[in-house]
Amino acid sequence: MLYQLALRNIWRNRRRTLLTLSAMIVSSALLILALGVFSGMLRDMLASATEQYYGHLVISSKGYQDDRDMFRHFPADLSLDAVLAQDAILGTSARLRSFGLLSHQQNSSPAELLGIHAAQEKLVTSLQEALVAGEYLADNDHNGAVLGSGLARRLNVGPGDELVFVTQAADGSIGNDLLRVAGIFSTGDHGHDNSLVLVPLAWLQSVLVLPGQIHEIAIRTDQPLNAAALAQRYKSNLPDSLEILDWGQMLPEMREVVASYDVSRMIIVTILYIATGLGILNTFFMSVMERTREFGVLMALGMKPAQVRSMVLLETFLMGTLALIFGVIIGVALSLYMALVGIDLSGTLTPITYAGGTILPRLHAVIETSNIIIPAGCLLLISLLAGFLPANRAARMQPVVAIREE
Amino acid sequence: MALIELQSVTKIYPLGNQEVVAVKDFSLTIDAGEFCVLAGPSGSGKTTLLNLIGCLDQPTSGDVWLDGQNITQAEQKTLADIRLNKIGFIFQSYNLIPVLTAAENAEFTLMLMGIEKNQRRNRVRQLFAELGLGGLENRKPSDLSGGQQQRVAIARAMAAQPAVILADEPTASLDSQASEELLELMKRLNEEQGATFVFSSHDPLVISHAKRVVRLLDGRLVSDQ
C-alpha cells in the first residue's frame, strides 16, 4: 500500500506533477541529444585526424614520426603478421612519403606525396569519400594523383591535367616524374586540402629510388578510443628497429581534446541537473509542506518516521523513473534522427581545424551507451537527492505539531 | 489494573518568551471498557490530555501509564509502535487520507501492522457492515458526507482492535442528527464489543451520552462523575 499511496500522491496535483515531469523529461532528453551531438562532433574531429590521414595506429622506423627522415624506411615485405593479423585490426596500408615541389604550367606549390596501394588505403582512411571531382586512384593506376582542393586551386588543375613532381631521391639524385590528376578531395582540413597528394606506391618508390621500401604502415582498428592500449599490446611483437604509435602520440592535442571531453560532459551534466534538481526539490518541498497535517495523521496512526521517509522517497523515485523512461525514449529518438539525418550547416559555417582534427559544419549525433546511461543515472540520483530533504523533513515532524498545521 | 493512568501530570508549552501551562498536576485513572468524556471549555487542556494518553506528546512532569506500560520517557519509535498497536484515533476533522478509498483508509493501520491482505479485507468488510458503510468501500473521502467520513474514521480506529479509542471533539464538524447517530454507534460498539472510548468535547450532546464525565478547567480536574 506504501507503493500505491506514493503513486497516488504523485497524481494528487496533476498539473504540478506534469510540469515537473515535463521539465525532467525535457532536460534528460535534451542532455542525451546534446551529448550525442557532442560525441558526434568529437567523432568527426577524431575521424578527420585519423581516418583521413594518420590511421589509428602507425608502424614505422623508430624516430620516423618525429623527423619524417626519408632514410628511415623499412622493407615492405617485412613479416609483421604477428601484429597485423589481429581481430581488432580492420585494415592496414603500407605507405611511402615524400615532400617536394609540385608544378602545373607556371604554377607550383610545395606538397606532401603519400605513396599508397589504393585498395589497402581505402581500408584505413576515408579520403575516397571526400572526393569533389574526378575519381580515386585505381588499383592498377600507374601515375595518377588525388590531391586536396586547396592545392588543386593553387595549381589551377582539374582531373586529367598533368603535374610535375620534383624532389630529392634517396640516391642523391633529383627525382622527378609526371603525374596525372585523377581526382580532387576536400576534407575541410586546411592542412590536408592544401598540401596532400595521394599517388601510387610503386610510382613514388621509383621516383625516390626506394624499391620495395616503405616509411610506415597505417592501421585502422575497431576500437579507436582504445588505440593506446592496442599499441601497447602489439609493441612486443615488433622488431627492435620499428615502433608502433597510436593516434594520441601522433596528435597529442587531439588526445587532450578527447580527455577534456569527459570533463566537459560532466560539467554540462552537472549544470543542467543542478537546475533540474532545484526544480524537483521545490516541487517536493511544496508537496510535503502541503501535506504536513496528513503526515501528522499518518504518524498518529502508527506510521514510523522511516516509513514516512520511504514513502516520500518512493514518490521521487517513481517520478524519476517515469521521467527517465520517457526522457530516454525521446532523447534516443532525437539522437537517432540526428545520427541518421543530422543538420547541415555548410551554408552558413566553414570547417574549423582544431587540434589536428576538423570540426565539420554539421550537427550530427552518434549513439553511445554512456551518453544515455550518464543522463539517466544522474536523473534518478538527482531525483532521490532532491527528494531526500523533504522526505527527511516529513519524517522528523512531531505528529502533535503536524496535526495542528492548517 | 487500570488501562490508562495519569500521575501528577503537568504539561507546559513554550509560547514565545512565555510558558503556557496546559495541564497542571493532573491525575486520572481510566479502566478498560469505559465510555468517558473529558469535558471543558476551549483551553481547558482536553486535547493536551488526549495527546498525552495517545502518545502524541510527552508530559513535562509526572507519569503516563498505558496498559501497564510507562510511556512517559519512551522513544519516538516505541511511541509509534504503541500508537499502532494499542490506540485508535478519531479526529475532529476526520483526517482521512484523501488519495485512499474508504476501505483502504480503514485498513491502513492493519497494513502498517503487516496483516495479510485477505484478512484486512475481511475485517474491513465486517466493520463497514457494522457501521452502516456497506457499498461505500470504493468511494474516496471527498465523495462521502461528513457523517460517513467520520464513520470511516471510526472503522479505521477500530480496525486493529486497539486497547483504547481516543476521539478529539468527534462531533464538532457534524450536524446534530449525524452527531446523535455517531454517538449511538460508538456507544453500541462500547457496549457490544467492550471497546474503551475516551472523548474530548464541550458538546452537551456528547456529554449527555457519556457514562463518565471528567470536567476540566484551566488544566485542572474540576469534577469526575
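Residues numbered from 1 in each chain as written. Chains lettered and ligands numbered in written order. Predicted model: local features only at pLDDT ≥ 70, side-chain atom pairs only at ≥ 80, totals over all residues. Heavy atoms only, no water.

To continue, consider the sheet that holds strand β6 (residues 87–90) of chain B. Residues and elements named next belong to chain B. Here 6 strands make up an open sheet; going across it, the order is β6-β7-β8-β3-β9-β10 and the pairing mixed. Taken across any chain shown, the strands that pair with only one partner, and hence form the sheet edges, are β6 and β10 (220–224). With direction set aside, neighbouring strand axes in the sheet form an average angle of 20 degrees. Of the strand pairs in this sheet, strand β7 (residues 164–168) and strand β8 (residues 197–201) are connected by 4 bridges, and their pairing is parallel. Bridge pairing links Ile165 to Phe197 in β8. (Pairing = 2+ DSSP bridges. Helix = DSSP H or I, 4+ residues; strand = E, 2+ residues; numbered from the N terminus. Axes fitted to C-alpha atoms, helices over the stretch in contact; angles between N-to-C directions.)

As a further point, take the interface of chain B and chain A. Contacts between the two partners involve 28 residues from chain B and, on the opposite side, 23 residues from chain A. Where Glu104 of chain B meets Arg8 of chain A, a salt bridge forms, and the shortest distance between an N and an O atom there is 2.5 Å. Taken together, the elements giving at least two residues each to the side of chain B that touches chain A come down to α2 (76–86) and α4 (108–112) of chain B. A total of 6 residues in the side of chain B that touches chain A trace back to one element, the largest contributor, which is α2 of chain B. When grouped by side-chain class, the residues that make up the side of chain B that touches chain A number 13 nonpolar, 6 polar and 9 charged. (Contact = heavy atoms within 4.5 Å. Salt bridge = Lys/Arg side-chain N within 4 Å of Asp/Glu carboxyl O. Nonpolar A, V, L, I, M, F, W, Y, C, P; charged D, E, K, R; others polar.)

Residues and elements named next belong to chain B. Summarising the element assignment, His209 is placed in helix α8 (residues 204–209). There is a polar contact of 3.1 Å between the side chain of His209 and the side chain of Glu180. Contact partners of His209, with chain neighbours within four places excluded, come to Phe35, Glu180, Leu183, Glu184 and Lys187. (Polar contact = N/O pair within 3.5 Å; in protein donor to acceptor, adjacent residues only side chain to side chain.)

What follows deals with helix α1 (residues 2–10) of chain A. Among the residues of α1 of chain A, those classed as buried are Leu5, Ala6, Asn9 and Ile10 of chain A. Considered in projection along α1 of chain A, the buried side chains sweep an arc of 135 degrees and stay on one side of the axis. Residues of α1 of chain A that are buried in the fold lie against α2 (14–54), α12 (292–300) and α13 (305–340) of chain A together with α4 of chain B. (Buried < 20%, exposed > 50% of the residue type's maximum accessible area, 1.4 Å probe, protein only. Arc of directions from axis to C-beta.)

So, about the confidence of the model for chain B. Put simply, chain B has an average pLDDT of 89, and 100% of its residues get 70 or more. Scored as a complex, the prediction yields pTM 0.72 and ipTM 0.89. (pLDDT = per-residue confidence, 0-100.)

Residue and element names in this part refer to chain A. Structurally, the position occupied by Ile244 is in strand β12 (residues 242–246). Note on Ile244: relative accessible area 4%, which makes it buried. Contact partners of Ile244, with chain neighbours within four places excluded, come to Leu57, Val58, Ile59, Val83, Ile219, Ala231, Tyr234, Lys235, Leu238 and Gln249.

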